[in-house]
Amino acid sequence: MKLSKPKYIFVTGGVASSLGKGIISASIARLLQARGYSVTIQKLDPYINVDPGTLNPYEHGECYVTEDGAETDLDLGHYERFTNQPTSKSNNVTTGRIYKSVIEKERKGEYLGKTVQVIPHITDEIKRFIYNVGSKAEADVVITEIGGTIGDIESQPFIEAIRQVGHEAGPGNALFIHVTLVPYLKASGEHKSKPTQHSVKKLQGLGIAPDIIVLRCDEPITDPGIFRKIADFCNVKPDCVIENLTLPVLYEAPLYLEQANLSAVVCRELRLSTPEPDLSEWRAMVSAIKRRNRAVTIGLVGKYVQLHDAYLSVAEALRHAGFALGAVVDIRWIDSETVTPETKDACLSSLDGILVPGGFGDRGIEGMILAAQYAREHHTPYLGICLGMQIAAIEFARHVLGITDANSGEFDPECPHKVIDFMPGQSEAIDKGSYPCVVAAGTTMARCYGSPQIRERHRHRYEFNNDYRDALRAAGLTMSGLSPDGQLVEAVELSDRPFYVGVQYHPEFKSRPNRPHPLFQGFIAAALEG
């Protein structure tokens, strides 16, 4: 049921940040897909960084890498996991990127000497990105999430731009959804609607009247008067006030919102006449998730573990594997700086599997090396991702090959034995995006993937040093994944173990709740077998 022109949905947030606008956007996309529409989702981020690639993970969580190598906001991971549709550079735009584009045009004389201003030049550039993402994806519906909170000074150009898009698209072609917090006061035993009323009033003052208001709450709203009051004071239809309760299973959100009639309301307001959504596969998946009857404990040994969102896709990929295997995955968040020769047994002995994720810089590296050594010596299933693969190679060189000062050129540029380093002729730019990998037969990689060639997403600079390839192979380390030309080592493993694999790429970005990544599934299966 291809539409002649796309419809637009804009999702804003009020009262507080981190209310789950990304989950709402992804859930609406899933529900519209279930009704037969093609959907694309875009995130507009108000910060001035050109992209999240240089941001510390503690600032905004993980940097999510798309197929085309774009470094983007973590919400794009939610979009892909819920919709099973790949995103690209077009799906994430920041204030910095907008201003960079406008300034470059001004320097080229494209504005013909005009005074460059926020309106119309910045807002026109924002609108161009909104319209382009829909045309590139040939989508029926374009969902645009606006980062931040209504009232933030940095987001005002985005709000003005989407107001203009709503006006240009016309009635029935654009929909504004406002997600707000409805706090529950335990002292009085009631929910409070006043913060929502004030947030909507602020949004209305910026020229946007929301069509639907989604109420984020931790406790169920049992008083129907709350919904009626918000509808009356905020000038929306009574059935356009939707409760969004915090759920124990993230992927239950589309079903919960469908139960609240959200997709029907969205379709009505956008004048879409469609059959009921087919959510049978999604319902079966959620039902299976709730029936899990086994448990496994995985230690995630990293340097940013104080903020779990720094490893969001890794954590979700572990859970996806658990879904498929009927297991609850208990993730132990272990700060690699706390893993020392004295503490390693206490930190690691109770784990069913050890995962060392990606990262940059030398902080916490020795703790990661100890974790890889412990896994190798105790036959504990090990999965190393990007940096975690490099850690496995360094550890093996030190403790099996006997090169006690083996290291990476990233951590010690003067090290005489750089097992990990820049390759001859390689630039220092980060390799990003999807690249092919040839899988060696008879390996754990081959058993997991079941294919001789794969494609995975990368985000790294340093490579396995080929000068050490023969020596490490002779000592027992298998090079189980190579670039098609054989020049780059993409994966290493100990093939005589149930699971001890390190990969240079980021498999977590391609895992889905109803289609777990084969490496994560193999890792969790080995951990369950103990």
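This report concerns the structure included in the present document. Nothing here was measured: the structure is a model prediction, and the numbers come from that model.

## Things to note about a nonpolar patch on the surface
A surface patch of nonpolar side chains, amounting to about 340 Å² of accessible area, comprises Tyr-99, Ile-103, Val-118 and Ile-119. Going through the elements one at a time, α4 (95-107) and α5 (118-137) are the ones with two or more residues in the nonpolar patch. Here Val-118 is to be found in helix α5. Residue Val-118 is classed as partly exposed on the basis of its relative accessible area, which comes to 38%.

## As for the nonpolar core
Ile-9, Ile-143, Ile-177, Ile-212 and Val-266 are the most contacted members of the largest nonpolar core, which totals 61 residues. A per-element tally of this core places helix α1 (residues 21-34) first, with 8 residues. Not counting the four nearest positions on each side in its chain, Ile-212 is found in contact with Leu-175, Phe-176, Ile-177, His-178, Cys-240, Ile-242, Leu-262, Val-265 and Val-266. In terms of nonpolar packing, the next biggest core, distinct from the first, is built from 39 residues, Ile-365, Met-389, Phe-396 and Ala-397 among them.

## Remarks on helix α11 (residues 280-290)
Taken together, the buried positions of α11 are occupied by Trp-282, Met-285, Val-286 and Ile-289. The arc that holds the buried residues of α11, viewed along the axis, is 95°, so those residues lie on one side. Check the buried side of α11 and you find it contacts α1, α3 (75-83), α9 (253-259) and α12 (312-325).

## Section: unusual backbone geometry
Following Ile-119, the chain continues to Pro-120 via a peptide bond in cis, the omega torsion being 15°. Within the secondary structure, Pro-120 is located in helix α5. One non-glycine residue with positive phi stands out, namely Ser-18, at about 60°. One can find Ser-18 in the loop between β1 (7-14) and α1. Of the residues examined, Ser-18 reaches a relative accessible area of 70% and is grouped as exposed.

## Describing the sheet that holds strand β6 (residues 141-146)
Read from one edge to the other, the open sheet built from 7 strands follows the order β5-β2-β6-β1-β7-β10-β11, with strand pairing classed as parallel. Two strands in the sheet have a free side with no partner beyond their single neighbour: β5 (92-94) and β11 (241-245). Here the average twist between neighbouring strands, direction ignored, is 20°. Note: strand β2 (residues 39-45) against β6, 6 bridges, orientation parallel. The residue bridging Val-39 from the neighbouring strand is Val-141, located in β6. The strands that α4 touches are β2 and β5; relative to β5, the one it contacts most, it runs at about 75°. Contacts between α5 and the sheet are confined to β1, β2, β5 and β6, with β2 contributing the most and set at about 155° to the helix.

## Considerations on the sheet that holds strand β20 (residues 463-464)
Spatial ordering of the open sheet is given by β16-β17-β20, a layout of 3 strands whose pairing is mixed. If you trace the sheet from one side to the other, it starts and ends with β16 (407-408) and β20, each paired once. For β16 and strand β17 (residues 418-421), the ladder comprises 2 bridges, and the chain directions are parallel. Pairing of Asn-407 across the sheet is with Lys-418, part of β17.

Rules of the game
- Residues numbered from 1 in each chain as written.
- Predicted model: local features only at pLDDT ≥ 70, side-chain atom pairs only at ≥ 80, totals over all residues.
- Heavy atoms only, no water.
- Patch = residues over 30% accessible without salt bridge, like charges linked within 9 Å, V, L, I, M, F, W, Y side chains within 5 Å.
- Areas by Shrake-Rupley, 256 points an atom, 1.4 Å probe, with all protein chains shown as cover.
- Salt bridge = Lys/Arg side-chain N within 4 Å of Asp/Glu carboxyl O.
- Helix = DSSP H or I, 4+ residues; strand = E, 2+ residues; numbered from the N terminus.
- Buried < 20%, exposed > 50% of the residue type's maximum accessible area, 1.4 Å probe, protein only.
- Core = buried A, V, L, I, M, F, W, Y, C linked by side-chain atoms within 4.5 Å.
- Contact = heavy atoms within 4.5 Å.
- Arc of directions from axis to C-beta.
- Pairing = 2+ DSSP bridges.
- Axes fitted to C-alpha atoms, helices over the stretch in contact; angles between N-to-C directions.

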